[in-house]
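Breakdown of the fold
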Amino acid sequence: MGSERRELMKALGARLRGLRAEVGLTGAALAERAGVGQPTVSKVENGRMVPSADVLERLSDALGLDGATAREVRDLLVAVVAASETAKASSEVPDGATLDEAVRSARLVRSFQCVVLPAMLQSAEYARHVFDSAPHMTPEMVGRAVAARIERQGLLYEPGRESVFVLTEGVLRTWPGSPALMLAQLDRLLAVESLSTVRLGVVPWRRPVPVMPRHGFTLCDSRAMVVETFRGEQTVDDSAEVAAYEETFSRFEEAAVFGPEVRELLLQVMAEFRDLETSTTR
C-alpha cells in the first residue's frame, strides 16, 4: 500500500472518529444507525479499510453531518481513491492477487458471473485475453498473472473443498479471440462439471433471471466477497453485505440448470461455435 494512500486513509478514519466522538456515539451505535457492520466502522476509523461511497454516505447521515462537513469527508475519500489509482498504475503486482488469496483460504467458493467466466474455470488463453484487457498490464505481467491463475485452479481438485459456479448463458456466448478458443474453453467446462467437488450451473436464456445482474462476484465462505472490475478488485467483508450477496447467489442458483441439462446446453453452444468456426474460415 502506498504511503500517501495509507496516510489519507488514516486521515479519513481519524476525522470520522472525531466526528463520532463529538456526537457522543459508540462505534456500535453508529454502525446500527448507519446500517453497516460494527467491524466496518472500526476498520474505517483505524485507516484499515476504504469505505465505498455508499457506506460513507450512510455514516455521514447517521452522524448528522452538515453539508460542508459531509463534503469534507467525501473529498477525503476522493483523495484516497485517487491515491489508490496512482499506486495501481505504478504497481508491478498483477491483478488477481486479492481474489487468489481469498479463494485459497476458503473451503466453500461460490461464484456468479454474467459476462466473464469465473477465474477458476478459465483456460490459459481465455485468461490471457482477460488480463490483456486490464489497464497498465505489460506482457510480462500478463504472463505471470495467467500462470498464477492456472496454478490456483488446482484447488478445484482438493478434497474437502466445494466450488459452486453459476453463469448466465450470455457468459458462454461472450467470446474473445476465436471460435476455436471458445471450443477449447467449453471443453474445459465439460471436464470441470464432472468433478465431485464442483457444481456448475447456467441460467439459460429461456428462463427469466430472478434479479437483474449488475456484475459478477465471488463469495469466499461466508466472510468475504470479491468483485473483479476493469481496474482491479474490490473486497467486501462487511457481514451484512456478504449475507445480502449470499441471498442473491441463492436466487441465481435456484434459476440455473445443473447436471445433464447443463451438459446438454454446453454441447449445444459448442456445436454453434463449430458452425461459426466453419463459416469464418471459408
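Residues numbered from 1 in each chain as written. Predicted model: local features only at pLDDT ≥ 70, side-chain atom pairs only at ≥ 80, totals over all residues. Heavy atoms only, no water.

1. Here's the deal with the overall build of the protein chain
Scanning the protein chain for helices and strands turns up 12 helices and six strands. Counting only C-alpha atoms and orienting by the principal axes, one finds that the protein chain spans roughly 70 × 40 × 35 Å. Here the protein chain holds 282 residues, and 45% of them are scored as buried. For the protein chain, restricting intrachain contacts to residue pairs at least 6 apart in sequence, the fraction spanning at least 24 positions comes to 78%. Working note: accessible area of the protein chain is about 14,000 Å², and carbon and sulfur atoms make up 53% of it. (Helix = DSSP H or I, 4+ residues; strand = E, 2+ residues; numbered from the N terminus. Buried < 20%, exposed > 50% of the residue type's maximum accessible area, 1.4 Å probe, protein only. Contact = heavy atoms within 4.5 Å. Areas by Shrake-Rupley, 256 points an atom, 1.4 Å probe, with all protein chains shown as cover.)

2. So, the pairing of strand β1 (residues 108-113)
Along β1, five of the six residues are buried, which leaves the element largely enclosed by surrounding structure. Pairing analysis gives six bridges linking β1 to strand β2 (residues 162-168), with the strands arranged parallel. By the bridge assignment, Val109 is partnered in β2 with Ser163. Where β1 lies against strand β4 (residues 217-220), four bridges are found, and the strand directions are antiparallel. Note on β4: the bridge partner recorded for Arg110 is Leu219. (Pairing = 2+ DSSP bridges.)

3. Comments concerning the nonpolar core
Leu172, Leu186 and Leu189 are the most contacted members of the largest nonpolar core, which has 33 residues in total. Elements supplying a minimum of two residues to this core: α6 (97-104), β2, α9 (169-172), α10 (179-193), β3 (198-203) and α12 (260-281). Element by element, the count of residues in this core is highest for α10, at seven residues. Beyond its immediate sequence surroundings of up to four residues, Leu186 is in contact with Leu172, Leu266, Val269, Met270 and Phe273. The next biggest cluster of nonpolar side chains, apart from the first, holds 21 residues, and it includes Leu12, Leu30, Val73 and Leu77. (Core = buried A, V, L, I, M, F, W, Y, C linked by side-chain atoms within 4.5 Å.)

4. Side note on the packing of aromatic side chains
As enumerated under the stated definition, the model contains four aromatic pairs in all. Judged by centre distance (4.9 Å) and plane angle (65 degrees), the rings of Phe217 and Tyr245 are edge-to-face. Of the two residues, Phe217 sits in strand β4 while Tyr245 sits in helix α11 (residues 239-255), which places them 28 residues apart along the sequence. Through a chain of ring-to-ring contacts, the aromatic side chains of Phe112, Phe217, Tyr245 and Phe252 assemble into a single cluster. Across the ring face of Trp205, the terminal group of Arg173 is positioned such that the distance to the ring centre comes to 4.9 Å. (Phe/Tyr/Trp six-rings, centres within 6.5 Å; stacked < 30°, edge-to-face > 60°. Lys NZ or Arg CZ within 6 Å of the ring centre and 35° of its normal.)

5. Examining helix α8 (residues 139-152)
Taking 1.5 Å of rise per residue, the 14 residues of α8 would be expected to cover 20 Å, and the 20 Å separating its terminal C-alpha atoms lies within 8% of that figure. All buried positions along α8 are accounted for by Met141, Val142, Ala145, Val146, Arg149 and Arg152. Here the buried residues of α8 occupy an arc of 130 degrees about the axis, which is enough to place them on one side. Structural note: α8 exposes Pro139, Glu140 and Glu151 on the side pointing more than 90 degrees away from its buried face. (Expected span 1.5 Å × (residues − 1). Arc of directions from axis to C-beta.)

6. Concerning the side chain of Thr40
If you trace the backbone, Thr40 turns up in helix α3 (residues 38-45). Accessibility expressed as a relative area gives 4% for Thr40, which makes it buried. Those residues within four positions of Thr40 in sequence are excluded, and the remaining contacts are Met49, Val55 and Asp238.

7. Re the pattern of salt bridges
Under the definition given, this model contains 13 salt bridges. Residues Glu253 and Arg199 are paired through a salt bridge, measuring 2.6 Å at the closest nitrogen-oxygen approach. In this pair, Glu253 sits in helix α11 while Arg199 sits in strand β3, placing the two residues 54 residues apart along the sequence. Residue classification places Glu253 among the partly exposed positions, given a relative accessible area of 22%. Here Arg223 ties to Asp221 by a salt bridge, and the two come within 3.5 Å at their closest N and O atoms. Within this structure, Glu169, Arg173 and Glu272 form a network of salt bridges that share partners. (Salt bridge = Lys/Arg side-chain N within 4 Å of Asp/Glu carboxyl O.)

8. Topic: the environment of Val116
Inspection of the secondary structure puts Val116 in the loop between β1 and α7 (124-132). With near-sequence residues (within four places) excluded, Val116 lies in contact with Gln122, Tyr126, Val130 and Val171.

9. Observations concerning the state of the cysteines
Enumeration according to the criterion identifies zero disulfides in this entry. Cys114 forms no disulfide, and the closest cysteine sulfur to it belongs to Cys220, at a distance of 17 Å. By relative accessible area, which is 17% here, Cys114 ends up buried. (Disulfide = S-S within 2.5 Å.)

10. Thoughts on the environment of Val262
Structurally, Val262 can be placed in helix α12. Once residues lying within four places of it in the same chain are set aside, the contact partners of Val262 are Glu193, Leu200, Gly201, Val202 and Val257.

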